[in-house]
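Tertiary structure, described
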Amino acid sequence: MRGIDGDDWDSEDDEPEVDDAIDDQAQEIDAASSGSTSTDPFRTHFNLSTDEIQQKSKLVDSRSWTSTSQTVAPEGLPGSHQWSITHSILSSDSAKSESIFDTSVVPFSSFNIKQRLHDTWNAAHRVKGVQKQAELLQTHLFKLMNTYVDVMYTEQSLKDEQAIMETYCLHVLNHVYKARDRITKNNETLKKAKEGGREASDCQDQGFTRPRVLILLPFKNSAFDVINTLVTLSGSKQQDNKKRFMDEFSGDDDEMDPTKPEDYKRTFRGNIDDSFRIGIQFSRTNMKLYAPFYKSDVIIASPLGLRMIIGAEGDRKREFDFLSSIEVVVVDQAHVLLMQNWEHFLHVFEHMNRIPKEMHDCDFSRIRPYVLDGRLKYLRQNLVFSHYLTPELNSLFNGFSESNSPWCANIAGKWRVRCAKVVGGSIGNVVVQVPQTFHRVGCTSVADADDARFQFFIDKVLPTFQQSVAVNRHTLLFVPSYFDFVRLRNYLDKLELNFTYISEYTANSDISRARTEMFQGTADFMLLTERFHFFRRYRVRGIQHIFFYGLPENAHFYPELVHLLSDTRDRDQSKLSSPTITALFTRYDRLVLERIVGTKRMVRMCEGDKEVFMFS
């Protein structure tokens, strides 16, 4: 029997193992004794009736969600580690669904994991000696993933990135193996029915195309780690094209500047190519890297890598049918993807689960009815991991695209996990003695915030600067958004002010010139974007004042930038004015403000009557 793309799924190499078959039979016995269709979340989620999916998809489109929030302390994690959890379910399920997060630790043996994966998982942990805290975090996260709900976890950190990656790799392999074994089992059923001259039972188990999982990552270095983890957990005895993979995805860390911050060294280690895509095909003992997309089970790519082949409307050559049957999407290090071109990322999401333009040798008798109806997106699980929460991620998780289609439409529901309370904030890491003044800009809505900030700057800030240029010379004007940067640069150009600027698009020669002008004082002030700081982390010397046109999304950037003032100690202090820090914010900057000043101060600064706040 031929599977997707004509692959021979019932070949010897693709037969399910005996212990996996026993697992399947045990689950079926469990289901029969309990009177339910299945105790396995995989079957429960993907075996829903067409009518139920159709009804619930209408609720998703009409935004009929019921949300509950709670603060919990997951068992085993540090006492100060509390999660603020928001659980969203469809209004039709609110009466029968449990919204309380179970904080207890559950053994992995209770998660319906394929036996071979359970064995390799335990073996890998024994070899690596995984810390107890990391293992408990993996348990709590897998408990959510395994139910096929959408999960957005914005408490990722450098120390637990590896643990989180291992957890979603386990979930991905578990999903792929269960889907593969189900197809193999149905192939055998159809074969026996044909030999017996009878009609086979319902064997609809596939999508239009073979790829089931998409993992989006920012750089090749992350893909390198993910693929090596998949190799370890899959227990595959052979990996085809491994040498090519090592040549193209590995990198050298020898040139890394040891003075750079730890997050920079972690993010930009090894190979930092941001344009890549690779298909992976799994069989019982083999793992094929660089498999053609239409013969792959898992696709690992960067948004830019996919955008280059998806193309845009009107392009002569476009290809995105391979995204038509994606069932699980993993977005790792979303905070880094936000520093790249977010439009590429959204473009990929826009082209998932569409009806393909070509059939690619699919067997229509094996395609699930809801896939044929174009409703697979309502069962697609979306897993998002980030170091912090941003409005863009909130919009991805809860919002709608320009075509009025939800980005994340999973009818199983959503869990959003973030830090319950930020104590102190990154401002506590500032060691330079300098007055820090925060001005709240008044605005009536999120849509008005950008214009209100710009008007405040040209009405209140710029006149003061122009009246005392000598005092305010050596000022760094930090701008988080590139669009705000362009707006300010063009306005200042019209005024013919003496300034320089650096953005992520500035040529190296112009960067050197701008830094020299800032240090020597031949330019009164410099515009600098957050993305430039993220990608370069240069120490710009000669800065005496810093003006935050907006607060950096990455809270660690705040003390890093403030500490640039320490470089002025090498200069003649008699020629310099007292250093100052000034920042603008609005009531709608709560997320980023909380990360910098802490939860308690954020509430007072956003909701109080005062509009100016001083720290020192």
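Keep in mind it's a predicted model, so treat the numbers as computed, not measured. (Residues numbered from 1 in each chain as written. Predicted model: local features only at pLDDT ≥ 70, side-chain atom pairs only at ≥ 80, totals over all residues. Heavy atoms only, no water.)

1. Quick notes on the environment of T68
- Mapped onto the elements of the fold, T68 is located in strand β1 (residues 65-72).
- For the pair T68 and I89, spaced 21 residues apart in sequence, the C-alpha to C-alpha distance is 8.9 Å. (Helix = DSSP H or I, 4+ residues; strand = E, 2+ residues; numbered from the N terminus.)

2. Description of the pattern of salt bridges
- Summed over the entire model, instances satisfying the criterion amount to 26 salt bridges.
- A salt bridge links E594 to R418, with the nearest nitrogen and oxygen atoms 2.7 Å apart. Taken as a pair, E594 in helix α21 (residues 590-597) and R418 in strand β11 (residues 414-419) lie far apart in primary sequence, 176 residues in all.
- By relative accessible area, which is 5% here, E594 ends up buried.
- Ionic pairing is found between R473 and D524, a salt bridge with its closest N-O pair at 3.2 Å. Residue R473 is located in the loop between α16 (469-472) and β13 (475-479), and its partner D524 is located in the loop between α18 (508-520) and β15 (525-529); the two are separated by 51 residues in the primary sequence.
- Note on R473: relative accessible area 34%, which makes it partly exposed.
- On the accessibility criterion, D524 (10% relative accessible area) is buried. (Salt bridge = Lys/Arg side-chain N within 4 Å of Asp/Glu carboxyl O. Buried < 20%, exposed > 50% of the residue type's maximum accessible area, 1.4 Å probe, protein only.)

3. Some thoughts on the sheet that holds strand β12 (residues 436-440)
- Reading across the sheet, the seven strands line up as β14-β15-β13-β16-β17-β12-β18 and stay open at both edges, with mixed pairing between neighbours. If you trace the sheet from one side to the other, it starts and ends with β14 (499-502) and β18 (612-615), each paired once. Direction aside, the axes of adjacent strands within the sheet are offset by 15° on average.
- Sheet topology places strand β16 (residues 545-548) next to strand β17 (residues 580-585); four bridges connect them, and they run parallel. Residue pairing for β17: I546 is matched across the bridge by I581.
- Sitting on the sheet, helix α15 (residues 446-467) touches β12, β13, β15, β16 and β17, and the angle it makes with β17 is about 155°.
- The strands that α18 touches are β13, β14 and β15; relative to β14, the one it contacts most, it runs at about 135°. (Pairing = 2+ DSSP bridges. Axes fitted to C-alpha atoms, helices over the stretch in contact; angles between N-to-C directions. Contact = heavy atoms within 4.5 Å.)

4. Overview of the nonpolar core
- If you look at the biggest cluster of nonpolar residues, it comprises 74 residues, and the most contacted ones within it are W83, Y168, I215 and I300.
- No other element matches helix α6 (residues 161-195), which puts 10 residues into this core.
- Those residues in contact with I300 that sit more than four places away from it in its chain are I215, L217, A223, V226, I227, L230, F276, R277, I278 and I280.
- Ranked by size, the runner-up nonpolar core spans 37 residues in total, among them V430, L476, Y558 and I581. (Core = buried A, V, L, I, M, F, W, Y, C linked by side-chain atoms within 4.5 Å.)

All quantities given are derived from atomic positions and should not be read as evidence of function.
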